[in-house]
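# Architecture and fold: a report
Each chain is listed here by its residues.
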Amino acid sequence: MMKMKMKVMDERIVSLFKRHWQHTLTYWSVFFSFGLCIAFLGPTILDLRCQTQSSLQQITWVFFCQQFFLLLGSSLGGLCKRTLLSSLSALSCCTLIISLVFAVIPLCRHVVMLFIAMAIAGTAMGVIDTIANLQLVKLYQKDSAIFLQALHFFIGLGALVSPLVADPFLAEDNCVLSPNSSSSSSSSSDIQHLRSSLTAGVGGVFHNVSRYPLHTEGTVITRVSYAFWIMALINLPVPAAVLALMYHERLLPCSKESQRLLDGDSVSTESAQDGHGSLFHCCNLEKLRGCPATFFIIHILGGTILFITDGIIGSYAGFVYTYAVSPPLSMGHQTAGCLDSVFWASITAGRLVFIYLSYRYAAHRLITVSLMVVILVQFSLLIFSSSSVFLFVGTCVLGFSISSVFPSMLAFTEDVLNYKGCATVVLVTSASMGEMVLQLVVGSVIHTKGSYSFLLCGTVASCISFCLFLLLLYMQRVHRNYQTDSSKNVTMTEKPADR
């Protein structure tokens, strides 16, 4: 009996993928572009400081600029999703913008110009994040968990490629040479330490950077421009793939004779009818009138859980290096610098493995196990806080286990709400907000209480997220019972009318 069910599920998923393969591959490639853009700033930030001849305190605000506008783009992304034409047009423009930003960044000779470029790129990334998730959920609905795991795997793939492209072109020493640089310039080890501290993003931005003497005036020696131009070329096939999909869908003026990929009741028709809109459209009182309290509670709980779990990812990536080089571990800069790469590689590998696990197991079971493992790892890191080896092991397991929470939670919440709510927009926006806010909060706590509080913050946040998920499971049951009772009442009222 079990084999029969699996066979039917196999046939359904294969059939769905065959029908939507071009859409699916396009959205996956778009998220590769997203990952490429989100990971380039950390490794190149010191070279960009030299290029713009700005202070370290000035250039690190670029991280906040990117994260803030990514959050803004996530909440605005739903505005572009009324029809398939507007969705694909937005994706095409945003992926092209990312290539253009890569090409223009080497021309930014002032930090303000770099802020503007990163604001544009951050907004484009936010729009991509919302639309790609929305479209995949709409295409596959109850089977979306598998394809969402693959979608988020491509973020990790892009995030791994970006530093590899940039690395050969990074300056090993201070890339602004001053006439009296021999007496005050930072050593190669200081530059490596700074780069590792800043690679993770907002988390490492505002702490312990003022003691490094980096020149702002002098001769600029940097080859980082080549890295950005290479990434611009790598990204160019992505907007081309979106345009090819638009051509196949007869959404371009030159493609009117092409055969439709989807039927008349396809995504473009359904988009105008469903409840997936922008964050502001979700707040439409007319649309929300008559919804039970559980409808709103599920949105709030799902958003809060992802606010915390994505915040854990951001803060761990942001401060694991700082924790490793501080007592009691006092690891070497080069060894500690590998921890961030290990963490993101584990997340990418985890999402690849969870593609298969999402096929075999329900989303709520995967989330339950993942959050339990996250709590176990966080407590273990507290217990073995003096072990460098266990820090590497714990980093691997933590990245692997937490990797599936976002796509699984997105699929689970949309399924609970029968794909009629605004869950995707709320969850994507909440995750972006958590990644930015919790890094700043954890950074402030570490700055005042010491590096050990880094592990304590992660442990407390993990426990809170698990408790909230248990509450979400209870609210799911209440919501389903309400829907069952409502459908029975409708049936009871319709029977006398038939007579």
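These numbers were taken from a predicted model, which means no experiment stands behind them.

Reading the values: rules and limits
Residues numbered from 1 in each chain as written. Predicted model: local features only at pLDDT ≥ 70, side-chain atom pairs only at ≥ 80, totals over all residues. Heavy atoms only, no water. Helix = DSSP H or I, 4+ residues; strand = E, 2+ residues; numbered from the N terminus. Expected span 1.5 Å × (residues − 1). Axes fitted to C-alpha atoms, helices over the stretch in contact; angles between N-to-C directions. Parallel < 35°, antiparallel > 145°, perpendicular 65-115°, else oblique. Left-handed = near helix turned anticlockwise from the far one by under 90°. Contact = heavy atoms within 4.5 Å. Nonpolar A, V, L, I, M, F, W, Y, C, P; charged D, E, K, R; others polar. pLDDT = per-residue confidence, 0-100. Salt bridge = Lys/Arg side-chain N within 4 Å of Asp/Glu carboxyl O. Buried < 20%, exposed > 50% of the residue type's maximum accessible area, 1.4 Å probe, protein only. Polar contact = N/O pair within 3.5 Å; in protein donor to acceptor, adjacent residues only side chain to side chain.

Moving on: helix α19 (residues 423-449). In an α-helix there are 3.6 residues to a turn, and that puts residues three or four apart on one side. In a regular helix each residue adds 1.5 Å, so 27 residues correspond to 39 Å; α19 covers 37 Å between its end C-alpha atoms and thus fits that length. At the C-terminal side of α19, Gly 450 shows a positive phi close to 105°.

Moving on, we get to the packing of helix α5 (residues 84-104) against helix α11 (residues 237-248). Two elements in contact, α5 and α11, have axes whose closest approach is 8 Å; the angle formed by their N-to-C orientations is 160°. With respect to their mutual orientation, α5 and α11 come out roughly antiparallel. The hand of the α5/α11 crossing is left-handed. Contacts between α5 and α11 involve Leu 85, Leu 88, Ser 89, Leu 91, Ser 92, Thr 95 and Leu 96 from the first element and Val 238, Pro 239, Val 242, Leu 243, Leu 245 and Met 246 from the second. Broken down by class, the residue content of the contact of α5 with α11 amounts to ten nonpolar, three polar and no charged.

This part is about the environment of Phe 40. Tracing the sequence through the fold places Phe 40 in the loop between α1 (2-39) and α2 (41-52). As a C-alpha pair, Phe 40 and Val 161 span 121 residues in sequence and 9.1 Å in three-dimensional space. Those residues in contact with Phe 40 that lie beyond four places of it in its chain are Gln 66, Phe 102, Ile 105, Met 118, Ser 162, Phe 228 and Met 231.

Turning to the confidence of the model for the protein chain, a few remarks are in order. Looking at the protein chain as a whole, its pLDDT mean stands at 80, while 77% of the residues score no less than 70. Helix α12 (residues 267-271) is the least confidently modelled element of the protein chain, averaging 42 in pLDDT, while helix α16 (residues 363-383) averages 95, the highest of any element. Counted against residues more than four places away or in other chains, residues 205-211, with its pLDDT under 50, gives 17 contacts. Within the model, the stretch residues 258-276 combines pLDDT values under 50 with 52 contacts to residues more than four positions away or in other chains.

The next subject is the pattern of salt bridges. Applying the stated criterion across every chain yields a total of three salt bridges. A salt bridge links Asp 143 to Arg 12; its shortest N-O distance comes to 2.8 Å. One end of the pair, Asp 143, is in the loop between α6 (111-140) and α7 (144-166); the other, Arg 12, is in helix α1, with 131 residues separating them in the sequence. Taking the relative accessible area as the measure of exposure, Arg 12 reaches 37% and is therefore partly exposed. Salt bridges sharing partners connect three or more residues here, namely Lys 142, Asp 415 and Arg 480.

On the secondary structure map, Ser 315 appears in helix α14 (residues 293-325). On the accessibility criterion, Ser 315 (9% relative accessible area) is buried. At 2.8 Å, the side chain of Ser 315 forms a polar contact with the backbone oxygen of Gly 311. A polar contact of 3.2 Å, which involves the side chain of Ser 315, links it to the backbone oxygen of Ile 312. With near-sequence residues (within four places) excluded, Ser 315 lies in contact with Leu 438, Gln 439, Val 442 and Phe 454.

Right, let's talk about unusual backbone geometry for a bit. Of note, the amide linkage connecting Pro 327 to Pro 328 takes the cis form, showing an omega dihedral of 10°. With respect to the helices and strands, Pro 328 occurs in the loop between α14 and α15 (333-360). We note that Gln 53 has phi near 50°; this positive angle belongs to a residue other than glycine. Relative to the helices and strands, Gln 53 resides in the loop between α2 and α3 (56-59). For Gln 53, a relative accessible area of 31% puts it in the partly exposed group. A positive phi angle is found at Arg 250, which is not glycine, with a value near 60°. Here Arg 250 shows up in the loop between α11 and α12.

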